[in-house]
Amino acid sequence: MTIATSKKTSPDWPVIGFMAFLHIGALFALLPGNFSWSAVGLAVFLHWVTGGLGITLGFHRLVTHRSFQTPKWLEYFLVICGTLSCEGGPIDWVGMHRLHHIHSDTGTDPHDSNQGFWWSHMGWMLSDLPIRVEIPRFTKDIGDDPVYKFLQAYFIPIQVVFGVLLYLLGGWSFVVWGVFMRIVVVFHCTWLVNSATHKFGYRTYESGDRSTNCWWVALLTYGEGWHNNHHAFQYSARHGLQWWEIDFTWMTIQLLQSLGLATKVKLAEK
C-alpha cells in the first residue's frame, strides 16, 4: 500500500481549532487575577502525572514498546494519566508512535524530521495524514480492550470533568493552570522529542535515522531526550545508557520493580 507523504496532506481544521483553543486558554494563566503559587504547584505536579507517569512511562515505555510489564490495574492507571495529557486517545497515540519507529525519518514517518523543525514539532499534527488509516493494524493488542476504547472515545469529555473538579477545588486559577497551561506545556515538551531530538545533540549509535541524544529535552521529558539510544534499542526500558544520561523514568521503573510492580524489564544489550 502506498501512503501519501505529508506534502500531499490537507489541514485538519478541527485539530487546528482545538489547538488554538488550548493555547489561547493557556494565555489566561498569565493574567494577574489567575495567578497563585498553589495553581502553579498544581500545574507542575500534573505535568509529572500526565507527562511523566502518563505519556513517558505509560503510553510510551509500557504500552507502545512493552519494555516491561505491570499488573493490569496499574497499566490502566498509567494510561488514564496519559489520557489526561489530551494528546489524543491512547490507541491513536500508540499507533502513531509505532508507525514513527517503522518509518523513522522517511517520507511516511508521521513527523519526518527531514521536512523541518516545525513539521516534526507540530505541523504534522495539524494535517490530515493518510497514514492514520494504518493505526488499527499496529494496535491490535489494545484496539479491542474496553478501557482503551472508552479512553480513546472520551478523552475530551474526561478532561472537561477533570476541569470541573479542579474548579471546585480551587476556582478558575486551578483550571487555567491545571488544565490549559499544563496541557500546552506538556504538549510542547512531548513534541520536542519529535523535533529537537532529531536535530540537536549527539549520536552514540547508528540507528538509521536522525535521532539524537539531547540533555535538555531529557530533563523536560523525564528521560525521553536520550532519543538516539532509544531508537537504537527500542525495546529497552532504560533510555539513559551512560551514567551522566539522567533518566527519571528509568528510576521510576526501578522503584516499581523493587515493589514487585514491574516485571520482565527489558534492557539494551550494548
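Nothing here was measured: the structure is a model prediction, and the numbers come from that model. (Residues numbered from 1 in each chain as written. Predicted model: local features only at pLDDT ≥ 70, side-chain atom pairs only at ≥ 80, totals over all residues. Heavy atoms only, no water.)

**So, the packing of helix α2 (residues 37-64) against helix α4 (residues 90-102)**
Okay, step 1: Between α2 and α4, the least distance of the axes is 10 Å, while the angle of their chain directions is 65°. In the packing of α2 onto α4, the handedness of the crossing is right-handed. Here Ile55, Phe59, His60, Val63 and Thr64 of α2 come into contact with α4, specifically with Pro90, Trp93, Val94, His97, Arg98 and His101.
Okay, step 2: Within the contact of α2 with α4, the residues separate by chemical class into six nonpolar, four polar and one charged. (Axes fitted to C-alpha atoms, helices over the stretch in contact; angles between N-to-C directions. Helix = DSSP H or I, 4+ residues; strand = E, 2+ residues; numbered from the N terminus. Left-handed = near helix turned anticlockwise from the far one by under 90°. Contact = heavy atoms within 4.5 Å. Nonpolar A, V, L, I, M, F, W, Y, C, P; charged D, E, K, R; others polar.)

**Observations regarding helix α7 (residues 155-170)**
Think of an α-helix as 3.6 residues a turn; residues three or four steps apart then line up on the same face.
Okay, step 1: A rise of 1.5 Å per residue sets the reference length of α7, with its 16 residues, at 22 Å; its end C-alpha atoms lie 22 Å apart and thus fit the reference within 8%.
Okay, step 2: Buried within α7 are the following residues: Phe155, Gln159, Phe162, Gly163 and Leu166. Viewed end-on, α7 has its buried residues packed into an arc of 105°, placing them on one side of the element. Turned more than 90 degrees off the buried face of α7, the exposed positions are Val160 and Leu168.
Okay, step 3: Of the surrounding secondary structure, the elements contacted by the buried residues of α7 are α2, α3 (72-83), α6 (146-153) and α8 (172-195).
Okay, step 4: One or two residues past the end of α7 sits Gly171, with phi positive at roughly 80°. (Expected span 1.5 Å × (residues − 1). Buried < 20%, exposed > 50% of the residue type's maximum accessible area, 1.4 Å probe, protein only. Arc of directions from axis to C-beta.)

**Some remarks on the pattern of salt bridges**
Here the idea is simple: oppositely charged side chains can pair when their charged atoms come close.
Okay, step 1: The full count for this structure, using the stated rule, is eight salt bridges.
Okay, step 2: Note that Arg61 and Glu224 form a salt bridge whose closest N and O atoms lie 2.9 Å from each other. Of this pair, Arg61 sits in helix α2 while Glu224 sits in the loop between α9 (215-220) and α10 (227-232), and the two are 163 residues apart along the sequence. (Salt bridge = Lys/Arg side-chain N within 4 Å of Asp/Glu carboxyl O.)

**Some words on α2**
Okay, step 1: For α2, spanning 28 residues, the distance from its first C-alpha to its last is only 35 Å, which falls clearly below the expected 40 Å at 1.5 Å a residue.
Okay, step 2: For α2, the principal kink sits at Gly54 and spans about 40°.
Okay, step 3: The element α2 is extensively covered by neighbouring structure, given that 22 of its 28 residues are classed as buried.
Okay, step 4: Taken from the residues just after α2, Arg66 is the one with a positive phi, measuring 50°. (Bend = angle between axes of the 7 residues up to and from the residue.)

**What to know about the packing of aromatic side chains**
Okay, step 1: One pass over the structure, following the stated rule, counts 14 aromatic pairs.
Okay, step 2: Look at Phe35 and Trp177: their rings are 6.1 Å apart centre to centre, the planes differ by 75°, and that puts the pair in the edge-to-face class. Here the residue Phe35 occupies a position in the loop between α1 (13-27) and α2, and Trp177 occupies one in helix α8, the gap between them amounting to 142 residues.
Okay, step 3: Assessed through its relative accessible area of 12%, Trp177 is described here as buried.
Okay, step 4: With a centroid separation of 6.2 Å and an interplanar angle of 65°, the aromatic rings of Tyr76 and Tyr148 are classed as edge-to-face. With a gap of 72 residues between them, Tyr76 in helix α3 and Tyr148 in helix α6 connect regions that are remote in the sequence.
Okay, step 5: Assessed through its relative accessible area of 1%, Tyr148 is described here as buried. (Phe/Tyr/Trp six-rings, centres within 6.5 Å; stacked < 30°, edge-to-face > 60°.)

**Some points on the UniProt feature "transmembrane region" (unreviewed entry) in the protein**
Okay, step 1: The sites that carry the UniProt feature "transmembrane region" (unreviewed entry) are, in the present numbering, residues 12-31, 37-59, 147-168 and 174-193.
Okay, step 2: With 100% helix and 0% strand, residues 37-59 has end C-alpha atoms that lie 30 Å from one another.
Okay, step 3: Across residues 147-168, the secondary structure splits into 95% helix and 0% strand, with the terminal C-alpha atoms separated by 27 Å. (UniProt positions renumbered as here; feature names shortened; annotations may be inferred.)

**Quick look at the environment of Lys199**
Okay, step 1: The topology assignment puts Lys199 in the loop between α8 and α9.
Okay, step 2: Taking the C-alpha atoms as reference points, Lys199 and Cys189, ten residues apart in sequence, are found 15 Å from one another.
Okay, step 3: Excluding its chain neighbours within four sequence positions, the residues that come into contact with Lys199 are Phe117 and Thr212.

**Observations concerning the layout of surface pockets**
Okay, step 1: Size it by volume and the largest pocket reaches roughly 720 Å³.
Okay, step 2: In this structure, the largest pocket is lined by 37 residues; those nearest its centre are Glu87, Gly88, Trp93, Trp124 and Met125.
Okay, step 3: Listing elements by their share of the lining of the largest pocket, those giving two or more residues are α1, α2, α4, α7 and α8.
Okay, step 4: Element by element, the count of residues in the lining of the largest pocket is highest for α8, at seven residues.
Okay, step 5: Its residues assigned to classes, the lining of the largest pocket shows 19 nonpolar, 13 polar and five charged. (1 Å grid on protein atoms, 1.4 Å probe; cavity = no way out; pocket = protein on both sides within 12 Å on 5 of 7 lines; lining within 4 Å. Points joined across faces, edges and corners; volume = space filled by probe spheres on them.)

**A few points about the UniProt feature "domain: Fatty acid desaturase" (unreviewed entry) in the protein**
Okay, step 1: In the UniProt entry, the feature "domain: Fatty acid desaturase" (unreviewed entry) is given for residues 36-247.
Okay, step 2: End C-alpha atoms of residues 36-247 are separated by 30 Å, and the span's content is 56% helix alongside 1% strand.

**Brief notes about the side chain of Ser236**
Okay, step 1: Along the chain, the position of Ser236 falls in the loop between α10 and α11 (248-258).
Okay, step 2: A distance of 2.7 Å separates a polar atom in the side chain of Ser236 from the backbone oxygen of Arg238.
Okay, step 3: Within the structure, Ser236 has its side chain in polar contact with the backbone nitrogen of Ala268 (distance 3.3 Å).
Okay, step 4: In contact with Ser236, other than residues within four places in its own chain, are Ser67, Lys266, Leu267 and Ala268. (Polar contact = N/O pair within 3.5 Å; in protein donor to acceptor, adjacent residues only side chain to side chain.)

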